[in-house]
Amino acid sequence: MRKQILDILRSRMPQAVSGEELSRQLGVSRTAIWKHIQALKNEGYIIDSVVKRGYILRQIPDKLLPDEVEAKLQTKWLGRTIVYKDSLRSTNELAKQLAGEHCVNGMTVVAEEQVSGHGRLQRGWFSPYGHGCWVSVVLTPPFLPQEAAKCTLMAAVAVIQAINKYQGVHAVIKWPNDVLLNGKKMVGILTEMSAEFGKINYIVVGTGINVNVPKEMVPPELRATAVSLQDAAKEKVSRLQVLIDYLQNLETLYEIVLQEGFKPVFDLWRQYSGTLGQRVKVIAPDAVYCGLAEDIDNDGLLIVRKDDGSLEKVIAGDVSIRPAE
Ligand code: BT5
């Protein structure tokens, strides 16, 4: 009922819809309609009640509410089941838990705030309330466990396509899991997997996008390295739109992968890469070296030509890639 009322009000925005019309159309009393309207107002919807005209939906809340995502999302399966939380520890954590109980391909967990968001090696991911897209998508791909890391590259392309459409924004992908804007990190992606021998049970692709995180809110230790989409776009950006575009792009890319393999997605990745063609310093647990980032291979590994001319393939994980001085 709540959703139906909302759909009607949204479709008529900014026109009024009378309580009588709503009650007739939905077959409930005007008092019932009024109660739902109060509930919507409590959730942050701004709805005016105008005498003799009815209800006018003035503004939807700046939240990533499933109703609002669903109203605009045009995907077939990705994001069709949305689990929304105001605040939680980590969307990846919850997505893994839910997928372990009952796995739904394309299930999406999204939160306004993460109090224990994390990156690789349990490094923290700063996820303040209402300022970013903290989102995890569950996928059940038919490919092999060793191919899971490729999903990180696919997600990076999906994000960058969603954010580079804003004027003044020219983000690049830093291999393997960051999206950078003017050399600073705007997006981090963490892909996690549950697998058995030769078979993926599910993959969780977790993406943190700093959309409207005000500079002064960023913890001092991240100020020099973190950036937000609004810093480059020069104005507040709709988090809802960023989320919807990301989910849509991800579904499109995933379907391309299923039909044609990863090559077309890797070709796009190359176009957006800020790593290829750069001199990099690779900091691996067992070695540190410099070289030229030449390409990615068919598995998504970074190919680095070391200064002695030999080629090294870099596997994502606990490797850190820095610009070489
Ligand atoms: C990542 O790890 O960049 C992957 C981050 C993935 C976060 C998403 S949010 C939704 C989902 N749920 C989760 O719990 N996680 C995923 P890594 O490459 O390890 O980088 C982590 C480092 O990025 C930290 O050590 C900080 O230096 C830096 N960092 C933390 N928060 C940041 C932020 N909001 N913006 C920019 N940099 C940040």
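Note that this is a predicted model, so its numbers are computed, not measured.

**Student:** Can you explain the side chain of T207? Please cite residues and give values.
**Tutor:** Within the secondary structure, T207 sits in strand β9 (residues 199-210). Of note is the side chain of T207, whose polar atom sits 2.9 Å from the side chain of Y246.

**Student:** For the site of the ligand, give the residues involved together with the corresponding values.
**Tutor:** The full set close to the ligand counts 26 residues, and S90, H118, R123, K185 and N210 are the nearest of them. Here S90 contributes a side-chain N or O atom positioned 2.8 Å from an oxygen atom of the ligand. Contact between the ligand and N210: a nitrogen atom at 2.8 Å from a side-chain N or O atom of the residue.

**Student:** Got a sec to walk through the side chain of E192? Specific residues and values, please.
**Tutor:** Along the polypeptide, E192 turns up in strand β8 (residues 184-196). Of the residues examined, E192 reaches a relative accessible area of 17% and is grouped as buried. Side chain to side chain, E192 and K96 meet in a polar contact 3.0 Å long. Sequence-distant contacts of E192, that is, excluding residues within four places in its chain, are made with N92, K96, H118, Y202, I203 and V204.

**Student:** Give a detailed account of the sheet that holds β8, specifying residues and quantitative values.
**Tutor:** The strands that make up a sheet are held in pairs by hydrogen bonds between backbone atoms, and each pair lies either parallel or antiparallel. Pairing in this open sheet of seven strands is mixed, and the strands run β3-β4-β5-β9-β8-β7-β6 from one edge to the other. Every interior strand has two partners, whereas the edge strands, β3 (82-88) and β6 (172-174), have only one. Taken pair by pair, the neighbouring strands of this sheet meet at an average axis angle of 20 degrees, ignoring direction. Pairing analysis gives six bridges linking β3 to strand β4 (residues 108-114), with the strands arranged parallel.

**Student:** Can you lay out the packing of aromatic side chains for me, pointing to particular residues and giving the numbers?
**Tutor:** On inspection of all chains with the given rule, the structure shows three aromatic pairs. Ring centres of F143 and F262 lie 5.3 Å apart, and the angle between their planes is 65 degrees; on these two criteria the pair is classed as edge-to-face. Highlighted residues: F143 in the loop between β5 (132-139) and α6 (150-163) and F262 in the loop between α8 (239-260) and α9 (263-272), separated in sequence by 119 residues. This pair shows no difference in class: F143 is buried, exactly as F262 is. A connected cluster of aromatic rings, assembled from ring pairs, spans F143, F262 and F266. Here the guanidinium or amino end of K306 rests over the ring plane of Y289, the centre of that ring lying 4.8 Å away.

**Student:** I'd like to hear about the pairing of strand β12 (residues 302-306), residue by residue, with values.
**Tutor:** Note: strand β11 (residues 288-296) against β12, five bridges, orientation antiparallel. Residue pairing in the sheet places A293 in a bridge with V304 of β12. Once β11 ends, the chain turns through five residues before running back antiparallel as β12, passing G300 with a positive phi of about 85 degrees. Relative to strand β13 (residues 311-314), β12 runs antiparallel, the two sharing four bridges.

**Student:** Describe the packing of α6 against α8, listing the residues and the values that go with them.
**Tutor:** At their nearest, the axes of α6 and α8 sit 8 Å apart, and the two run at 140 degrees to each other. Taken together, the axis directions place α6 and α8 in an arrangement best described as oblique. The chirality of how α6 crosses α8 is right-handed. Where α6 abuts α8, its residues M154, A155, V157, A158, V159, Q161, A162 and I163 lie against V242, D245, Y246, N249, L250, L253, Y254 and V257.

**Student:** I'd like to hear about the environment of K306, residue by residue, with values.
**Tutor:** Examined against the element boundaries, K306 turns out to sit in strand β12. By relative accessible area, which is 23% here, K306 ends up partly exposed. When the C-alpha atoms of K306 and V282 are compared, they prove to be 10.0 Å apart, with 24 residues separating the residues in sequence. Beyond its immediate stretch of four places on either side in the chain, K306 contacts Y289, C290, G291 and E312. Of note is the side chain of K306, whose polar atom sits 3.2 Å from the side chain of E312.

**Student:** Can you explain the packing of α8 against α9? Please cite residues and give values.
**Tutor:** Remark: α8 packs on α9, axes separated minimally by 8 Å, with the N-to-C direction vectors making an angle of 130 degrees. It follows from the interaxial angle that α8 and α9 lie oblique. Counting all contacts with α8, which are made through L253, I256, V257 and E260, the residues of α9 involved are P264, V265 and L268.

**Student:** I'd like a rundown of the sheet that holds β13, residues and numbers included.
**Tutor:** Read from one edge of the open sheet, five strands run β13-β12-β11-β10-β14, paired in antiparallel fashion. In the strand order of this sheet, the two ends are held by β13 and β14 (320-323), each with one partner. For this sheet the average axis-to-axis angle between neighbouring strands, irrespective of direction, equals 45 degrees. Looking at chain direction, strand β10 (residues 279-283) and β14 are connected through four bridges and run antiparallel. Of the residues in β14, the one forming a bridge with V282 is I321.

Parameters and conventions
- Residue numbers restart at each chain and count upward from 1, following the sequence in its written direction.
- Predicted model: local features are reported for residues with pLDDT of at least 70 only, side-chain atom pairs are reported and counted for 80 or more only, and whole-chain, interface and lining totals are derived from all residues.
- Only hydrogens and water are set aside when side-chain values are computed; all heavy atoms of the structure are taken into account.
- The numbering of helices and of strands both runs from the N terminus, where a helix is a DSSP run of H or I of at least 4 residues and a strand a run of E of at least 2.
- Definition of a polar contact: a pair of N or O atoms within 3.5 Å, with one able to donate and the other able to accept a hydrogen when the atoms are protein atoms, and with sequence-neighbouring residues admitted only if both atoms are side-chain atoms.
- One heavy atom within 4 Å of a molecule or strand makes the whole residue count as near it.
- Type-normalised accessible area, obtained with a 1.4 Å probe on protein chains alone, sets the label of each residue: buried when under 20%, exposed when over 50%, and partly exposed for intermediate values.
- Residue contacts are counted whenever heavy atoms from the two residues lie within 4.5 Å of one another.
- The rule for pairing is simple: two strands pair if DSSP sees at least two bridges between them.
- In this analysis, axes come from line fits to C-alpha atoms, helices being fitted only over the stretch in contact, and the angle between any two N-to-C directions falls in the range 0 to 180 degrees.
- Aromatic rings from Phe, Tyr and Trp, with only the six-membered ring used for Trp, were paired whenever their centres fell within 6.5 Å, and each pair was classed as stacked if the ring planes differed by under 30 degrees, edge-to-face if by over 60, and tilted otherwise.
- The rule is short: NZ of Lys or CZ of Arg within 6 Å of the ring centre and within 35 degrees of the ring normal puts a charge over the ring.
- Orientation is classified from the angle alone, with under 35 degrees giving roughly parallel, over 145 giving roughly antiparallel, 65 to 115 giving roughly perpendicular, and any other angle giving oblique.
- In this scheme the crossing of two helices becomes right-handed for a clockwise turn of the near helix relative to the far one and left-handed for an anticlockwise turn of less than a right angle.

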